[in-house]
Amino acid sequence: MPLPWRLQDCRHGSFKLLSQPPRVPLRYANTSRSKFQSSATVGRPQRWQSRILWISVPVAFFGCVAYVKYRNWEEPGLNPERFIPFTLVAKEAVSSTSSVFTLSPRWATTNSQIYDQAWKDGIWSVQVKQPQLQIARSYTPLSPILNSEQIIDSDLRFLIRRDPQGEVSGYLHKLPIGAEIELRGPHLEYAIPNDVDEVVFLAGGTGIAPALQVVHRLIVLSSSPGRESPRIRILWANRRREDALGLPMNNLDKPTEDNSSTARPSLPSLLARELTNLQQDHQGKLSFQYFNDDQKSFITEDVLAKCFLDSTRQAKKCPTEGPAGRKLILVSGPDGFVKHYAGPKVWQGGVEHSGPVGGILKRLDLSGWEVWKL
């Protein structure tokens, strides 16, 4: 049995008192504090743990903040599955009940790519949420204004009428500039075919928005040298003359003599200026007719019959080369407007469908025409 280390040194003739015990191999070391261990040796790891803790906590905090800001900055914009916040940056009154709302995404997004695809697909809409009631309504964006310095590519514009019974429209009209509005979309309402030769669009009130989407899709986006653009005729009806101030009325108009807002002069609204510019830029391919209840001007059966007769004459006068394209009749507006001209829409399997043609259009000869209710 080996002697203790002090006695071993004596046997070799040189007794030497060591100031410290020999270092114990790690495999024999005891984790508990021994009598040879100093307090400084034990306290050193604890101080390092404290320093690591003080460093790791702020690093983790600022890392989380940076991650959240990165996710916000890279937010992909409109999403058909969840609501994305936008900011109300402008609101221009069109009439006493309608305004054009301009919404801008809160973060820098890739919305331009989403919009481009939606415009190419056809007529599309987004859902707007009313946060207090947790309900949503669909609204159709207005077509973009080309070469506008005030409207950027990521903005969306909507023509919204304040309905006394509408929870969402009333909520939106009360919001101040800078308010947050949540949108979800885009949702495709109608895929516009590529082989369209002619479109007749019956628009009631804010139904002018999808009509302008058709113009943007078939004329603005598809215009190119050597390509024949479709002919589009839009018949826009409003209850009040003020909804289309600045736009020329058709020959059936009879000015009223009352003291209502229809008799008060006013500058053309932004929407009126847009429609005028569109028609001037695309003469021969795009035409508008305006009607309103105030001046006893209506889209009657005779007006529609003449419209389709003019279409037949124009087709014979300027025949297209190759196979004939499709002819579309699109109807958009309040439910009563759609039902009056094309019959009611129907629900099947929880989904709303266009349904059979009814109303005034059913009494007309529509051979060769397709009818779609929006």
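Per an unreviewed UniProt entry, the protein goes by the name FAD-binding FR-type domain-containing protein and belongs to Heterodermia speciosa. Entered under Cofactor (unreviewed entry) in the UniProt record, the comment concerning the protein runs "FAD". Recorded in UniProt under Subcellular location (unreviewed entry), the annotation for the protein is "Membrane".

> So, helix H3 (residues 111-121): which residues are in play, and what are the values?
All of the buried residues along H3 are Asn-111, Tyr-115, Ala-118 and Trp-119. Taken down its axis, H3 places every buried residue within 100° of arc, on the same side. For H3, the exposed residues lying more than 90 degrees away from the buried face are Gln-113 and Lys-120. In this structure, the buried side of H3 is in contact with strand E1 (84-93), strand E2 (98-105), strand E3 (122-130), strand E5 (156-161), strand E6 (180-191) and helix H5 (208-220). Note on H3: the residue one or two positions beyond its end, Gly-122, has a positive phi of about 155°.

> Could you give an account of empty space enclosed by the protein, naming the residues involved and the relevant values?
Following the criterion strictly, the structure yields two cavities of 30 Å³ or more and no others. Quantified by volume, the largest cavity comes out at close to 40 Å³. Lining the largest cavity we find Val-94, Ser-98, Leu-159, Arg-161, Gly-205, Thr-206, Trp-236, Asn-238 and Asp-243. Of the residues assigned to the lining of the largest cavity, the class counts are three nonpolar, four polar and two charged. If you count residues domain by domain, the lining of the largest cavity takes at least three from each of domain 2 (84-189) and domain 3 (192-373). As a volume, the second largest cavity reaches approximately 40 Å³. In terms of lining residues, the second largest cavity is bounded by Phe-101, Leu-103, Val-128, Ile-160, Leu-172 and Ile-181. Residue composition of the lining of the second largest cavity, by class: six nonpolar, no polar and no charged.

Reading guide: rules and limits
Residues numbered from 1 in each chain as written. Predicted model: local features only at pLDDT ≥ 70, side-chain atom pairs only at ≥ 80, totals over all residues. Heavy atoms only, no water. UniProt positions renumbered as here; feature names shortened; annotations may be inferred. Buried < 20%, exposed > 50% of the residue type's maximum accessible area, 1.4 Å probe, protein only. Helix = DSSP H or I, 4+ residues; strand = E, 2+ residues; numbered from the N terminus. Arc of directions from axis to C-beta. Contact = heavy atoms within 4.5 Å. 1 Å grid on protein atoms, 1.4 Å probe; cavity = no way out; pocket = protein on both sides within 12 Å on 5 of 7 lines; lining within 4 Å. Points joined across faces, edges and corners; volume = space filled by probe spheres on them. Nonpolar A, V, L, I, M, F, W, Y, C, P; charged D, E, K, R; others polar. Domains from an automatic or database assignment.

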